[in-house]
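Here is what each chain is made of, one letter per residue.
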Amino acid sequence: MRFLLVRQRFSLSARSASAWLILATLLLSGCANMVQPLERDPWIAPDKGLHLLSGIGLGAAGAAIASSKGASACTANASGVALGFSVGLGKEWRDLHHNDGMPSNRDWLVTILGGIIGAQLVQPCSP
């Protein structure tokens, strides 16, 4: 007996993938053990600006590199966001495991936001 396998294509646009990534990060950030007390980690602080600018640079660089390699606009955009996400996560992980820094989920979220902005500036994705 033969069975036909029907394969469905499931694809997320870069925007919806970014939205799901941020939502998952927000939901899981309360469970992480890298949370600073809120009074020591305000949303408006000089280091948040540095995280935002770094994220913008990373997102723009990731999108530009992927675009130069022939990736579609949405794939290049997602690559830029992923670069900001992963470098931001790596920086906060380093802060968690070394005594010279205090890890912060808010810093990570601002870096991700910068990655989204930078990727959209270089390679806009419209579904």
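Preceding this section is the structure that the text describes.
Residues numbered from 1 in each chain as written. Predicted model: local features only at pLDDT ≥ 70, side-chain atom pairs only at ≥ 80, totals over all residues. Heavy atoms only, no water.

**What about the state of the cysteines?**
Then, number 1: Applying the stated criterion across every chain yields a total of 1 disulfide.
Then, number 2: One disulfide in the model links Cys74 with Cys125; its S-S distance is 1.9 Å. A torsion of 85° about the S-S bond marks the disulfide between Cys74 and Cys125 as right-handed. With Cys74 in helix α3 (residues 73-97) and Cys125 in the segment after α4 (105-122), the pair connects residues that are 51 residues apart, well separated along the chain.
Then, number 3: Under the relative-accessibility criterion, Cys74 is labelled partly exposed at 24%.
Then, number 4: Judged by its relative accessible area of 1%, Cys125 falls in the buried class. (Disulfide = S-S within 2.5 Å. Helix = DSSP H or I, 4+ residues; strand = E, 2+ residues; numbered from the N terminus. Buried < 20%, exposed > 50% of the residue type's maximum accessible area, 1.4 Å probe, protein only.)

**Section: the nonpolar core**
Then, number 1: Membership of the largest hydrophobic core is limited to 8 residues, which are Ala63, Val81, Phe85, Trp108, Leu109, Ile112, Ile116 and Ala119.
Then, number 2: Those elements that provide at least two residues to this core are α3 and α4.
Then, number 3: Leaving out residues up to four positions away in the same chain, Ala119 has contacts with Gly59, Ala60, Ala63, Asn77, Gly80, Val81 and Pro124. (Core = buried A, V, L, I, M, F, W, Y, C linked by side-chain atoms within 4.5 Å. Contact = heavy atoms within 4.5 Å.)

**Regarding the pattern of salt bridges**
Opposite charge on two side chains permits pairing when their charged atoms draw close.
Then, number 1: As enumerated under the stated definition, the model contains 4 salt bridges in all.
Then, number 2: With a shortest N-O distance of 3.7 Å, Asp47 and Lys48 are connected by a salt bridge.
Then, number 3: Residue Asp47 is classed as partly exposed on the basis of its relative accessible area, which comes to 30%.
Then, number 4: You can call Lys48 buried: its relative accessible area is 5%.
Then, number 5: By sharing partners, the salt bridges in this structure join Asp47, Lys48 and Asp107 into a single network. (Salt bridge = Lys/Arg side-chain N within 4 Å of Asp/Glu carboxyl O.)

**What to know about the packing of helix α2 (residues 46-68) against α3**
Then, number 1: For the pair α2 and α3, the least separation of the axes is 7 Å and the interaxial angle reads 140°. If you check the angle between α2 and α3, you find them oblique. Every pair of crossing elements has a handedness; the one defined by α2 and α3 is right-handed. Mapping the contact onto sequence places His51, Leu58, Gly59, Gly62, Ala63, Ala66 and Ser67 in α2 and Ala76, Asn77, Ser79, Gly80, Leu83, Gly84, Val87, Lys91 and Glu92 in α3. (Axes fitted to C-alpha atoms, helices over the stretch in contact; angles between N-to-C directions. Parallel < 35°, antiparallel > 145°, perpendicular 65-115°, else oblique. Left-handed = near helix turned anticlockwise from the far one by under 90°.)

**A short note on the environment of Ile116**
Then, number 1: Mapped onto the secondary structure, Ile116 falls in helix α4.
Then, number 2: Between the alpha carbons of Ile116 and Gly55 there is a distance of 7.8 Å; along the sequence they are 61 residues apart.

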